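# Topology and contacts: notes
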Amino acid sequence: MSADAPGQNDHFVKVYRRKFRAWRGTRPFWAGLFTILGGIPIAYLPYGDIKLGNVTLAMATTAGAGSLIIGVLLVTLGLTMWFHHIVRVFAGVAAILLALISIPVSNLGGFLIGFLLAMIGGALSISWAPATPTAQEPAKTDAQTEPDPAPHTDDDSGADHTLETNGGRHSAG
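These notes cover the structure that comes with them. Remember, predicted model here, so these are calculated numbers, not experimental data. (Residues numbered from 1 in each chain as written. Predicted model: local features only at pLDDT ≥ 70, side-chain atom pairs only at ≥ 80, totals over all residues. Heavy atoms only, no water.)

## Some points on the packing of aromatic side chains
To keep it simple, the criterion reads: What counts as a ring pair is set by centres within 6.5 Å for rings of Phe, Tyr and Trp (its six-membered ring), and what kind of pair is set by the plane angle: stacked under 30 degrees, edge-to-face over 60, tilted for all other angles. The rule is simple: take the accessible area with a 1.4 Å probe, protein chains only, and divide by the maximum for that residue type; under 20% is buried, over 50% is exposed, in between is partly exposed.
Under the counting rule described, the total for this entry stands at nine aromatic pairs. Relative to Phe29, the ring of Trp23 lies with its centre 6.2 Å away and its plane at 75°, an arrangement referred to as edge-to-face. The class for Phe29 is buried, based on a relative accessible area of 10%. Judged by its relative accessible area of 26%, Trp23 is partly exposed.

In structure tokens form, the structure reads like this:
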């Protein structure tokens with residue numbers, strides 16, 4: 001058994017980790033993760049409460065619905081980057097636009113935390129490109145390994161008469 005092949009004694013966590021790394025490598029994983037993490041504070045912070053001793057500060061604003069919509073859309077775009085990586089450019093541009101819109105709508109884009117995470121995620125999504133498969137040499141068959149036969153000539157001298165076969169013209173002219 002080779003060292004790369006999963007064997008009987010290979011722990012299932014290693015197998016799942018290897019599969020996850022292969023899955024992660026075929027899509028803009030970090031772009032989706034940053035976009036999802038950017039959407040959470042944008043959606044949550046306008047509805048959050050801060051307790052300072054006996055005093056509760058409510059962060060609820062009139063733009064809470066807009067913040068919730070922007071946050072949910074950013075989470076959806078992050079999942080789209082993961083599972084439909086064909087539309088990664090659209091999702092990246094939409095994430096950047098929603099992050100910019102969140103600055104005036106959602107408490108400076110979730111106190112700039114969500115804004116920065118969503119901007120980084122959108123930029124990573126736009127710049128990500130799938131890896132090109134490595135070109136492997138085709139396996140040579142027995143027919144390809146044999147040398148080509150010599151061109152047929154009418155005389156026994158073995159000389160090449162391409163000048164006569166081309167109508168008296170050189171191949172370059």
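## A few points about the nonpolar core
Note the cut-off: Only buried residues count toward a nonpolar core, which is a set of Ala, Val, Leu, Ile, Met, Phe, Trp, Tyr and Cys residues joined through side-chain atoms within 4.5 Å. Each helix is a run of DSSP H or I of at least 4 residues and each strand a run of E of at least 2, with the numbering of both proceeding from the N terminus. Whether two residues touch is decided by their heavy atoms; if any such pair falls within 4.5 Å, the residues are in contact.
Within the largest apolar cluster, 13 residues are counted, with the highest numbers of intra-cluster contacts made by Ile70, Leu74, Leu77, Met81, Ala95 and Leu98. Of all elements in the fold, only α2 (29-44), α3 (64-83), α4 (88-105) and α6 (113-127) reach the threshold of two or more residues within this core. Per-element accounting of this core gives the leading share, five residues, to α4. Leave out the neighbours within four places in its chain, and Ala95 touches Thr35, Leu74, Leu77, Met81, Ala118 and Gly122.

## Comments concerning unusual backbone geometry
The backbone of Leu112 sits at a positive phi, close to 65°, despite the residue not being glycine. By the secondary structure assignment, Leu112 is in the loop between α5 (107-111) and α6.

## Focus: the packing of α2 against α3
This is how it is decided: Lines fitted to C-alpha atoms define the axes, with helix axes restricted to the stretch in contact, and inter-axis angles between N-to-C directions lie between 0 and 180 degrees. Roughly parallel here means an angle under 35 degrees, roughly antiparallel means over 145, roughly perpendicular means 65 to 115, and every remaining angle is called oblique. What makes a crossing left-handed is the near helix being turned counterclockwise from the far one by less than a right angle; a clockwise turn instead makes it right-handed.
Following both chains from N to C, one finds α2 and α3 inclined at 165°, their axes separated by 7 Å at the closest point. Viewed along their axes, α2 and α3 adopt a mutual orientation that is roughly antiparallel. In terms of crossing hand, the pair formed by α2 and α3 is left-handed. Contact residues: α2 offers Phe29, Ala31, Gly32, Leu33, Thr35, Ile36, Gly38, Gly39, Ile40, Ile42 and Ala43, while α3 offers Ser67, Leu68, Ile70, Gly71, Leu74, Val75, Leu77, Gly78, Leu79, Met81 and Trp82.

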